[in-house]
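Below, each chain spelled out in residue letters.
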Amino acid sequence: MIQVFAKEFNGFLNSLIAYIVIAVFLVGIGLLIWVFPETSVLDYGYADLDTLFSLGPYVFVFLIPAITMKSFAEERKIGTLELLLTKPLTDWDVVIGKFLASFLLMIVAILPTIVYYISIFQLGEPVGNIDTPGVIGSYIGLILLGGVFCAVGVFASSVTNNQIVSFVLAAFLCITFYSGFDALSTLASTGTLALRIKQFGILYHYESLSRGLIDSRDLIYFFSVAGILIVGTKTVLSSRQW
Amino acid sequence: MSLAISHLTKIFGTQRAVDDVSFSIQPGEIVGFLGPNGAGKSTTMKVATGFLPPSEGEVKVGGFDVVEDPLAVKKIIGYLPEHNPLYLEMYVREYLHFAGRLSGVSGSKLKSRADEMIELCGLTKEQGKKIESLSKGYRQRVGLAQALLHDPQILILDEPTSGLDPNQILEIRKVIKEISRNKTVLFSSHIMQEVQALCDRVVIINKGKIVADDLLAHLLKADHTSALIVEFSGEVESERMKQIPGVDDVLELGARRYKVIPVKGIDVRNEVFKFAAQQNISLMEMKVEEGSMESIFRELTEKGQ
């Protein structure tokens, strides 16, 4: 598993993928937080990082499928998957290794945004006037959300040998999981039904975490969605239908 | 270690790609696996390496079942898949190290094995290059080095020389010959000379079924089209030779040389000799024409087409 993980992660670093992903994420979020007046913290006047946490997921919807789209699709297309799967590795080693490599890259892209937190911490009046538990909860939420998106992306990559198909499918599934259920719930006739539908979506649990309250139910939600997708990926891989 | 395939069947949808195939390879044996394209060679190999699960039947590699104990099987197998897939963005040495680590070789052993393989496969000058910049022949060597790196007891090579030029074929063949001394080797090929040069035994498969499994020497001898090449001291009319009992046809090969094709299963050597005596000419040469691998291959695989 470690070998697959290391190979994948080195693959990101040795190609432009890692740098482009990190640069696009940081430049995009940086512009939104500091420059564009619509979303800028400086114009808004409140010391918080809401811009990062509310727009970050939308950036991830496109960035994470871009990271994961080649993980299985490309190996299948050029045949190297056969090479991997005839080495003494289990299918799990391959799936988990690939998932963790994209997960780590996503975390590496998020990490520098701690600088934004420190800046806003310093800019607060008085200094430090920021909802730190809320920020920590939001970071946990963002990382878990990124994890689910990675699992979606790896899964989408496993069902096709075409990277474009993989990317589009992953982006579609990510946005569906993120806000699709929320949109769907507005169609529900009753309030309880709407709530039930909302609870299937990521947004509901993500918002709950961003209040700074780490609820085990939300954690379980993220872990089970990612888990189901990873099991799905492994099942597709084990079926050898290509 | 041995490789035993028994009653292997692999079905894709409605197509029986491999149909009740059984054969086994003893330790130290090199077996050539022949068949037309699409006969099921690669599929059989993919099952034997644990990549595809069998639909029916079982494959035992070194005593381990490929379905029940895939990891043990994969550890002792060196596999070169068809089309030789490689990570093109990796460097040669990086790739060999990666493949070695996957197979459980590590530390200083990994480095020394990689050095040996680079030397053996003639990659010394190319070891620092990216695989994508290598020519087809060198890529094939990288694939072979990868398959050999962990010193596997069983080698499965799917068309190791396809797409190479004649010099490269000879070199790759030399490498295979060299490393296969105490290993069990199954390799597939289209090239008949290769089979004759490398192995003692061949398994021929057609449309998923085994049509021959024998020592090469037996197969070549058992060729019932085998004809006589004769040379007389004087001219003979071929029409008269056709009168010899048991002779089916006579072809003139040139200056008093003839090819005598007997009726199936009849030894006409004695009759030909008598004929020469009757005609009062001497028999300068008479030999049984050995069947060629090509003709056997064609005969066995064109049946029922």
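Read on for a plain summary of the structure.

Analysis parameters
- Residues numbered from 1 in each chain as written.
- Chains lettered and ligands numbered in written order.
- Predicted model: local features only at pLDDT ≥ 70, side-chain atom pairs only at ≥ 80, totals over all residues.
- Helix = DSSP H or I, 4+ residues; strand = E, 2+ residues; numbered from the N terminus.
- Rg over C-alpha atoms; globule rule 2.2 N^0.38 Å.
- Buried ≥ 20, exposed ≤ 12 C-beta atoms within 10 Å, placed from the backbone.
- Contact = placed C-beta atoms within 7 Å.
- Axes fitted to C-alpha atoms, helices over the stretch in contact; angles between N-to-C directions.
- Parallel < 35°, antiparallel > 145°, perpendicular 65-115°, else oblique.
- Left-handed = near helix turned anticlockwise from the far one by under 90°.
- Nonpolar A, V, L, I, M, F, W, Y, C, P; charged D, E, K, R; others polar.
- Pairing = 2+ DSSP bridges.
- Core = buried A, V, L, I, M, F, W, Y, C linked by C-beta atoms within 7 Å.

**Some points on the overall build of chain A**
- When its secondary structure is counted, chain A shows 13 helices and zero strands.
- When the helices and strands of chain A are read in sequence order from the N terminus, they spell out α-α-α-α-α-α-α-α-α-α-α-α-α.
- Relative to a compact globule of 242 residues, whose C-alpha radius of gyration would be 18 Å, chain A shows 19 Å and is just as compact.
- Overall, chain A is about 60 × 50 × 30 Å in size when its C-alpha atoms are taken along their principal axes.
- Expressed as a percentage of its 242 residues, the buried residues of chain A come to 40%.
- Looking at chain A alone, contacts between residues at least 24 apart form 76% of all its contacts between residues at least 6 apart.

**Here we look at the overall build of chain B**
- Looking only at helices and strands, chain B has 11 helices and 14 strands in total.
- At 24 Å, chain B has a C-alpha radius of gyration far larger than the 19 Å of a compact globule built from 305 residues.
- Considering only C-alpha atoms, chain B reaches an extent of 80 × 45 × 30 Å along its principal axes.
- Across the 305 residues in chain B, those meeting the buried criterion constitute 40%.

**Notes on the packing of helix H4 (residues 50–68) of chain A against helix H9 (residues 132–158) of chain A**
Residue and element names in this part refer to chain A.
- Running from amino to carboxyl end, H4 crosses H9 at an angle of 30 degrees, the nearest separation of the two axes being 9 Å. In terms of axis orientation, H4 runs roughly parallel to H9. Pair H4 / H9 crosses with right-handed handedness. Each of Phe-53, Gly-56, Pro-57, Phe-60, Ile-64, Pro-65, Ile-67 and Thr-68 in H4 lies in contact with H9, whose residues at this interface are Ser-138, Leu-142, Leu-145, Gly-146, Phe-149, Cys-150, Gly-153, Val-154, Ala-156 and Ser-157.
- Taken together, the residues that form the contact of H4 with H9 break down as 12 nonpolar, six polar and no charged.

**Some details on the interface of chain B and chain A**
- With 19 residues of chain B at the interface, the matching set in chain A holds 15 residues.
- Those elements that provide at least two residues to the side of chain B that touches chain A are helix H2 (70–76) and helix H3 (92–102) of chain B.
- Classifying every residue of the side of chain B that touches chain A by side-chain character gives 10 nonpolar, five polar and four charged.

**Notes on the pairing of strand S13 (residues 257–262) of chain B**
Residue and element names in this part refer to chain B.
- Side-chain alternation along S13 places Tyr-258, Val-260 and Pro-262 on a buried face and Arg-257, Lys-259 and Ile-261 on a face that remains uncovered.
- One ladder, built from four bridges, connects strand S11 (residues 228–232) with S13; its direction is antiparallel. Looking at S13, one finds that Ile-229 is bridged to Lys-259.
- Once strand S12 (residues 247–254) ends, the chain turns through two residues before running back antiparallel as S13, passing Arg-256 with a positive phi of about 60 degrees.

**Some thoughts on the sheet that holds strand S10 (residues 209–215) of chain B**
Residues and elements named next belong to chain B.
- The strand order S6-S7-S8-S3-S9-S10 describes an open sheet built from six strands, whose pairing is mixed. Every other strand in the sheet has two partners, leaving strand S6 (77–80) and S10 as the edge strands with one partner each. Each neighbouring strand pair of the sheet contributes to a mean axis angle of 15 degrees, computed without reference to strand direction.
- Examined bridge by bridge, strand S9 (residues 201–206) and S10 share six bridges and lie antiparallel to one another.

**Observations regarding the sheet that holds strand S5 (residues 64–65) of chain B**
Residue and element names in this part refer to chain B.
- Pairing within the open sheet is antiparallel, and its four strands lie in the order S2-S1-S4-S5. Only two strands of the sheet have a single partner each, and these edge strands are strand S2 (15–25) and S5.
- Inspection of the sheet shows strand S1 (residues 3–12) paired to strand S4 (residues 56–61) by five bridges, in the antiparallel sense. From the neighbouring strand, Ile-5 faces S4, where its bridge partner is Val-59.
- Lying over the sheet, helix H1 (residues 41–48) contacts S1, S2 and S4, oriented at roughly 115 degrees with respect to S1.

**Regarding the environment of Gly-107 of chain B**
All names here are of chain B.
- Along the chain, Gly-107 falls in helix H4 (residues 107–120).
- Residue Gly-107 is classed as exposed on the basis of its C-beta count, with 8 C-beta atoms lying within 10 Å.
- Placed 10 residues apart in sequence, Gly-107 and His-97 show a C-alpha to C-alpha distance of 9.9 Å.

**Things to note about unusual backbone geometry**
- Going from Glu-125 of chain A to Pro-126 of chain A, the amide bond is cis rather than trans, its omega being -5 degrees.
- Note that Pro-126 of chain A resides in the loop between helix H8 (114–123) and H9.
- Look at Glu-159 of chain B: it is not a glycine, yet its phi comes out positive at around 50 degrees.
- As for its position among the elements, Glu-159 of chain B is in the loop between strand S7 (154–158) and helix H6 (166–179).
- By the C-beta count within 10 Å, which is 22 here, Glu-159 of chain B ends up buried.

**Considerations on the nonpolar core**
- In terms of nonpolar packing, the biggest core is built from 133 residues, with Val-148, Ala-151, Val-152 and Cys-174 of chain A together with Val-61 and Ala-145 of chain B touching the most fellow members.
- Excluding residues within four positions of it along the chain, Val-152 of chain A makes contact with Ala-170, Leu-173, Cys-174, Phe-177 and Leu-229 of chain A.

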